[in-house]
Amino acid sequence: MAKYNSLVPDVEIENVAEDFKNALRIEQYRLGKLALYFPAGLRWAYLPLSAIESVEGTHRNVTAGHCVTVTERKPAVEFKTAVGSFRFDLEKQANLQKVLDAIGK
C-alpha cells in the first residue's frame, strides 16, 4: 500500500488513497480532485488543492552538449502556498495547459 505525505503540514485530506486512485496521470505526476501528487521515492507527496493560493505557468531552460551547447525551453507550473512554492517540471506544453485548466485558479 502506498503512503501519502502532505506537503502542507496543517492541511490533510480525507480519503487520500481514493483521490489518488481516481487521479488523472500527467507525466510522472497525478492530479486528483482534492490534491496534486508528486512522486517521492516509494511514496507520494501531495499538495492539497485547498492550500494553493496561486498557480502560474512558467518554464525552465535545459542545457546539453559540450562542443555545441543546446538550450531547450521546457514548461513548468509553479504553485504558491502559505508554506512556500512547489513546482511541476513538465515535458509537453499541452500538459501545462491541462494542469492550469484543471486547477482553475
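Refer to the structure presented above.
This one's a predicted model, so the numbers in the text were calculated from it and none came from an experiment.

A few words on the sheet that holds strand β8 (residues 84–89). Strands sit in the order β6-β7-β8 across an open sheet of three strands; the sheet is antiparallel. Whereas interior strands pair on both sides, the edge strands pair on one side only; in this sheet they are β6 (54–64) and β8. With direction set aside, neighbouring strand axes in the sheet form an average angle of 35 degrees. Strand direction decides the pairing type here: β6 and strand β7 (residues 70–81), joined by eleven bridges, are antiparallel. Residue Thr 63 lies in a different strand from β7, and its bridge partner there is Thr 71. Together, β6, β7 and β8 form the strand contacts of helix α2 (residues 93–103), whose direction differs from that of β7 by roughly 10 degrees.

A separate point is the nonpolar core. With 20 residues, the main nonpolar core has Leu 36, Phe 38, Leu 47, Val 77, Phe 79, Phe 88 and Ile 103 as its most contacted residues. Sorting the residues of this core by element identifies β3 (29–31), β4 (35–40), β5 (43–48), β7, β8 and α2 as the ones contributing at least two each. No other element matches the three residues that α2 contributes to this core. If near-sequence neighbours (up to four positions away) are discounted, Val 77 is found in contact with Val 55, Glu 56, Thr 58, Phe 86, Arg 87, Phe 88, Leu 90, Leu 96, Val 99 and Leu 100. Formed by nine residues, the second largest nonpolar core is a distinct cluster that contains Tyr 4, Phe 20, Tyr 37 and Trp 44.

Definitions and limits used
- For every chain, the first residue of the written sequence is number 1, and numbering continues from 1 onward in sequence order.
- Thresholds applied to this predicted model are a pLDDT of at least 70 for local features of residues and 80 or more for the giving and counting of side-chain atom pairs; totals over whole chains, interfaces and linings are not thresholded and use all residues.
- Values reported for side chains reflect all heavy atoms of the structure, with hydrogen atoms and water molecules removed beforehand.
- Should DSSP find at least two bridges between two strands, the strands are regarded as paired.
- Working definition: helices are DSSP H or I runs of at least four residues, strands are E runs of at least two. Numbering for both runs from the N terminus.
- The axes used here are C-alpha line fits, helices contributing only the stretch in contact, and every angle between their N-to-C directions lies in the interval 0 to 180 degrees.
- Residue contacts are defined here by distance: any two heavy atoms, one from each residue, within 4.5 Å place the two residues in contact.
- We call a set of buried Ala, Val, Leu, Ile, Met, Phe, Trp, Tyr and Cys residues a nonpolar core when their side-chain atoms join them within 4.5 Å.
- Each residue's exposure class comes from its accessible area (1.4 Å probe, protein chains only) as a fraction of the maximum for that residue type: buried when under 20%, exposed when over 50%, partly exposed otherwise.

Without other data, these values stay purely geometric and don't point to any function.
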